[in-house]
Amino acid sequence: MSELLFPLSQFVLKVHSRCDLACDHCYVYESADQSWRGRPLAISDEVIPQAARRIAEHAKSHRLDGVQVVLHGGEPLLAGRARLRRIVIELEKALHGVCGLDLRIHTNGVLLDEEFCELFAEHGVRVGISIDGDRAANDRHRRYADGRSSYDKVLRAIELLRTERFRHLYSGLLCTVDVANDPAVVYDSLVALDPPRIDFLLPHATWDDPPPNRTGETDERYADWLIEIFDRWLAAGRPVEIRTFDSIISTLSGGESLTEALGLRPAVLAVIETDGSYEQVDSLKTAFDGAPATGLNVFGSSLDVVAQHPGITARQQGLSGLCRTCQECPVVTSCGGGLYTHRYRSTTGFANPSVYCADLLKLITHISDCLPQVPADQPEAEMHVLSGDTFDALASGFGDAAAISQLIESQQSLRRTLLGAVYQAGSTAPGTPDQARAALRAAWAVLIAIDGEQPQVLDAVLAHPYIRVWAVRCLEQLRPAADRPAATKGAPNGTNLAADLSHLGAIAAVAAIRASAKADVTVPVVDGAIHFPALGRLIIGRDGAAQGEGGEPRTASVVVADGVITIRAGGSEWEMAAAGLLDGRLRDRAASAGVLPADWQPVRVLRAHGISVAMEDTDPYRDCHQWPAAPRLTDGDFALWQRSFEEAWHEILRHHAAYAPALAAGLSVIMPLSAGPDGKDISATARQAFGAVAAALPADPVILALLIIHEFQHVKLGAVLDLYDLYDPADDRLFHAPWRDDLRPLEGLLQGTYAHLAVSDFWRARREVTAGADAEAADQRFAFWHAHTRAAVGTLTNSGSLTPLGVRFVSEMRRSLRS
Ligand code: SF4
Ligand code: SF4
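First, a word on what this report is: a plain description of the structure on this page. (Residues numbered from 1 in each chain as written. Chains lettered and ligands numbered in written order. Predicted model: local features only at pLDDT ≥ 70, side-chain atom pairs only at ≥ 80, totals over all residues. Heavy atoms only, no water.)

**Considering the overall build of the protein**
A tally of helices and strands in the protein yields 27 helices and 25 strands. Here the C-alpha radius of gyration of the protein, 31 Å, is about what a compact globule of 819 residues would show, namely 28 Å. Dimensions along the principal axes, computed over C-alpha positions, put the protein at roughly 100 × 65 × 50 Å. Evaluated residue by residue, the protein yields a buried proportion of 56% over its 819 residues. Taking contacts inside the protein between residues at least 6 apart in sequence as the whole, the part at least 24 apart equals 70%. Taken as a whole, the protein presents about 33300 Å² of accessible surface, with 51% of it coming from carbon and sulfur. Of the charged side chains in the protein, 77 are positive and 103 negative, and the gap between their average positions amounts to 2 Å. (Helix = DSSP H or I, 4+ residues; strand = E, 2+ residues; numbered from the N terminus. Rg over C-alpha atoms; globule rule 2.2 N^0.38 Å. Buried < 20%, exposed > 50% of the residue type's maximum accessible area, 1.4 Å probe, protein only. Contact = heavy atoms within 4.5 Å. Areas by Shrake-Rupley, 256 points an atom, 1.4 Å probe, with all protein chains shown as cover. Lys, Arg positive; Asp, Glu negative; His and termini not counted. Charge placed at Lys NZ, Arg CZ, Asp CG, Glu CD.)

In structure tokens:
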């Protein structure tokens, strides 16, 4: 199988190259590309089977689940029933046993009759009809060459599709927007035809040949026209699918784009003309004569060759394939620079925003403003699922390194989604100061460039547990005031929204340092320090930062270039060697060689056989746990931690080895807490800080081993709960947890039970490896925690609130407890 990143799965098969209408807005006949003139009228008997074979060959070699083929023209019904029958039979034959076939036809409808519909019903061909609205709107463009209206015939075709016999074939209506038409009338008349879906298509245009009826680049009348329809549609409860709106809503929630005209989804479509030529997407005809051509055809080339054509791969590059303006645009994930064709300008090619840029920005912003806000800590991230075995292994209280890798990947998607959400919400929020907006843009540009070239670097940066804490804090502050929580855990002292947002600059700086890339960003100064997430902080003193006007944050400028980091703040300047920051050992050497300034406080690394964990005592967002974070540790305190960690890890490897692979894979940070009350051993985790365990250093390394195992259970379960509902979130009852005096919500009880499953197991193992009084004490603890955990499992089971997956999870816990 050849290596194609994006195999083709959508095909437009031109079955007839002429039309019985002469619409004056037709991109096939009225645009720059006039290649239709040299094409045969109908697809030939030789091209039909060869095209079908090519599609099947491609689907087979890339193991596609299904392909979509749209029969198109000109007007495809002009090909006649016999030829259309032959085409669908050839396609069905070629794809039989290879993959699914979604067959459609797009027609102007004027020739559609019962016999065509019967043919389509026989072969499951779904029918889309072009109609521009009410009679007046439709007659404005969609007429015969002699000026006659096509409206009545189109309506008759739609009525036929609405009959019970053929209703299942009715796939929807395609309406080309004309802002001269009344949008409400157009919308109402289309909805009255009861389609399953409406596609509103912007008239094809380029920067050389701008959209009709527009006064200039800032004219937003296409947005205004669509917004009037959107508001009407939303108020009516979204009675029909409207692809443009549904796509924007989907991408605003972190989902996929539903149309090639919007979003960052790679293009997977090719056109096969009546003579067997392969072409790129049809709309390119608007750009210039010959624009869609590939020079390839079904007889000489496979679709693998077409998929590698530069014109096709250019539309598969996602964010990195867009011009800089689009890359930095706050709505880019929803817009994606609009339809590729609409970006064309003869001087710069396709490296431009859409000629509809102002309209797209306004429309997407309007839709975003109308949608209920996504809860800050639960944006829709890319879908991840755990295999049944992994789920059960985690539910039993364990889970190996592979299981943790799956959780890490799902958390990574969540963090990426949050990062985009902070940028998008921060840059569009009316209250964001201009300075912070500019800082966000600069940071985002650095991150986009690095993600395009070295996505693994961005993943490594985002892996830091406290990035999600920061992102959630930003999003909470960006919510409407009434929805904001009273206080946000993890909030650094003295910061405000602008300072929090500019932390994106610090994230970008770290990404640039790790990628050996360039960056010029603004970062906040918090508590007299500049923070580089996961690397450390530079103490510059409380007076060493630029104070913005009007209460804007104290900031510093960070330039990363040629392996040197230059920091300027409040008239002072620091220089550091980038290489000195990246690795603990390197850092030590660099510091001792005087390459790093004395006031640099690196994140130190705890090491033991087979594991290294960052000791995070600098991050400004780390104080998000139940107990307060300790201040920066002295070298002496760090040495105590290092010794205790080594012994604790030794204990885990020797006596609790089943937990070691998951810990080695997933424990990335230990965050020191201030000493507990009355010298009590304390530890904690935070749902948003996956990979981090917080603890005050206990006197006994065995207890440190227990705290780490206990807390990492919360880390695992938190990530599972990010993926699945294990209980009814609407159930707000409180339950008895045997180990506490107060009552607990269901999530608290589940978390506690899951953690104590491991605690029971810990004491069971200690009972086996100790003797005398130690073994007796371990036995008592085992009995205590085992009984409590068993009782809590019973409470969970009888709560009536577990989902089917929750029942499965708790059953595995019970099974593990018994064994
Ligand atoms: S019906 Fe379609 S193909 Fe025919 S002229 Fe009108 S827009 Fe062009
Ligand atoms: S709104 Fe304009 S700048 Fe933003 S992505 Fe779309 S075309 Fe590009």
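**A look at the packing of helix H15 (residues 401–428) against helix H24 (residues 701–723)**
Where H15 contacts H24, the two axes come as close as 10 Å, and the packing angle between them is 60°. With respect to H24, the element H15 is oriented oblique. As for how H15 packs across H24, the hand of that crossing is left-handed. Together, Ile-404, Leu-407, Ser-410, Gln-411 and Leu-414 of H15 and Phe-712, Lys-716, Ala-719, Val-720, Asp-722 and Leu-723 of H24 make up the contact between the two elements. Considered class by class, the residues forming the contact of H15 with H24 number seven nonpolar, two polar and two charged. (Axes fitted to C-alpha atoms, helices over the stretch in contact; angles between N-to-C directions. Parallel < 35°, antiparallel > 145°, perpendicular 65-115°, else oblique. Left-handed = near helix turned anticlockwise from the far one by under 90°. Nonpolar A, V, L, I, M, F, W, Y, C, P; charged D, E, K, R; others polar.)

**Things to note about unusual backbone geometry**
Working note: non-glycine residues mostly have negative phi, and peptide bonds are mostly trans. For the bond from Gly-73 to Gly-74, the omega torsion is 20°, close enough to zero to count as cis. A positive phi angle, near 50°, is found at Asp-527, a position not held by glycine. A relative accessible area of 40% means that Asp-527 is categorised as partly exposed. A positive phi angle, near 50°, is found at Asp-562, a position not held by glycine. For Asp-562, the position within the fold is in the loop between strand S15 (554–561) and strand S16 (564–569). The exposure class of Asp-562 is exposed, given its relative accessible area of 69%.

**Overview of the pattern of salt bridges**
Applying the stated rule across the entire model yields 52 salt bridges. For Arg-86, the salt bridge identified is with Asp-45, shortest N-O distance 3.0 Å. With a gap of 41 residues between them, Arg-86 in helix H2 (residues 81–95) and Asp-45 in the loop between strand S1 (10–14) and helix H1 (47–61) connect regions that are remote in the sequence. Between Asp-742 and Arg-740 there is a salt bridge, and its shortest N-O distance comes to 2.8 Å. Relative accessible area serves as the criterion here: at 32%, Arg-740 is assigned to the partly exposed category. Members of the salt-bridge network, linked through shared partners, are Lys-14, Arg-39, Glu-273, Asp-275, Glu-279, Asp-282 and Lys-285. (Salt bridge = Lys/Arg side-chain N within 4 Å of Asp/Glu carboxyl O.)

**Section: the site of ligand 2**
With respect to spatial proximity, the complete set of residues near ligand 2 consists of Cys-326, Cys-329, Val-331, Cys-335, Gly-337, Pro-353, Ser-354, Cys-357 and Leu-361. Tallied by class, the residues present in the shell around ligand 2 amount to seven nonpolar, two polar and no charged. (Near = heavy atom within 4 Å.)

**Things to note about the site of ligand 1**
Around ligand 1 sit Cys-19, Leu-21, Cys-23, Cys-26, Gly-74, Asn-108 and Arg-142, and those are all the residues in its vicinity. In terms of residue class, the shell around ligand 1 is made up of four nonpolar, two polar and one charged.

**A few points about the nonpolar core**
By size, the foremost hydrophobic cluster in this structure holds 177 residues, and its most contacted members are Leu-84, Phe-120, Phe-200 and Phe-532. Beyond its immediate stretch of four places on either side in the chain, Leu-84 contacts Val-15, Leu-71, Pro-76, Leu-77, Ala-79, Ile-105, Phe-116, Leu-119 and Phe-120. Counting 67 residues, the second-largest nonpolar core is a separate cluster that includes Ala-395, Phe-638, Ile-708 and Phe-712. (Core = buried A, V, L, I, M, F, W, Y, C linked by side-chain atoms within 4.5 Å.)

**Some words on the pairing of strand S19 (residues 604–608)**
Looking along a regular strand, one sees the side chains alternate between the two faces of the sheet. Only one face of S19 is buried, namely the one carrying Arg-604, Leu-606 and Ala-608, since none of Val-605 and Arg-607 on the opposite face is buried. Where S19 meets strand S20 (residues 611–615), five bridges bridge the pair, whose relative direction is antiparallel. Note on S20: the bridge partner recorded for Leu-606 is Val-613. (Pairing = 2+ DSSP bridges.)

**Considerations on the sheet that holds strand S13 (residues 536–539)**
The strands that make up a sheet pair up through hydrogen bonds in the backbone, lying either parallel or antiparallel. Taken in spatial order, the three strands line up as S12-S13-S18 in an open sheet, and their pairing is antiparallel. The open sheet has two edge strands, strand S12 (529–532) and strand S18 (600–602), and neither has a second partner. Averaged over all pairs of adjacent strands, the angle between their axes in this sheet comes to 15°, without regard to strand direction. When S13 meets S18, the two strands line up antiparallel, connected through three bridges. Along S18, the bridge assignment pairs Gly-536 with Pro-602.

**As for the sheet that holds strand S10 (residues 293–297)**
Strand order across the open sheet formed by 10 strands is S7-S6-S5-S4-S3-S2-S1-S8-S9-S10, with mixed pairing between neighbours. For this open sheet the edge positions go to strand S7 (241–242) and S10, each flanked by a neighbour on one side alone. Bridge count between strand S5 (residues 170–176) and strand S6 (residues 197–201): four bridges; the pairing is parallel. Across the sheet, residue Leu-174 finds its bridge partner in S6, namely Asp-199.

**Here's the deal with the packing of aromatic side chains**
Going through the model one piece at a time under the given rule, you end up with 17 aromatic pairs. Plain terms: the ring middles of Phe-391 and Tyr-724 are 5.8 Å apart, the flat faces sit at 85° to each other, and that makes the pair edge-to-face. Here the residue Phe-391 occupies a position in helix H14 (residues 388–395), and Tyr-724 occupies one in the loop between H24 and strand S24 (734–736), the gap between them amounting to 333 residues. The exposure class of Tyr-724 is buried, given its relative accessible area of 15%. Each ring, one from Tyr-423 and one from Trp-444, has its centre 4.3 Å from the other, and the planes form 10°; the classification is stacked. With Tyr-423 in helix H15 and Trp-444 in helix H16 (residues 434–453), this pair connects stretches of sequence that are 21 residues apart. Classification of Tyr-423 by relative accessible area gives buried; the value is 2%. Put simply, the rings of Phe-288, Tyr-340, Tyr-344 and Phe-350 pair up and form one aromatic cluster. (Phe/Tyr/Trp six-rings, centres within 6.5 Å; stacked < 30°, edge-to-face > 60°.)

Shape descriptors only; they carry no functional weight alone.
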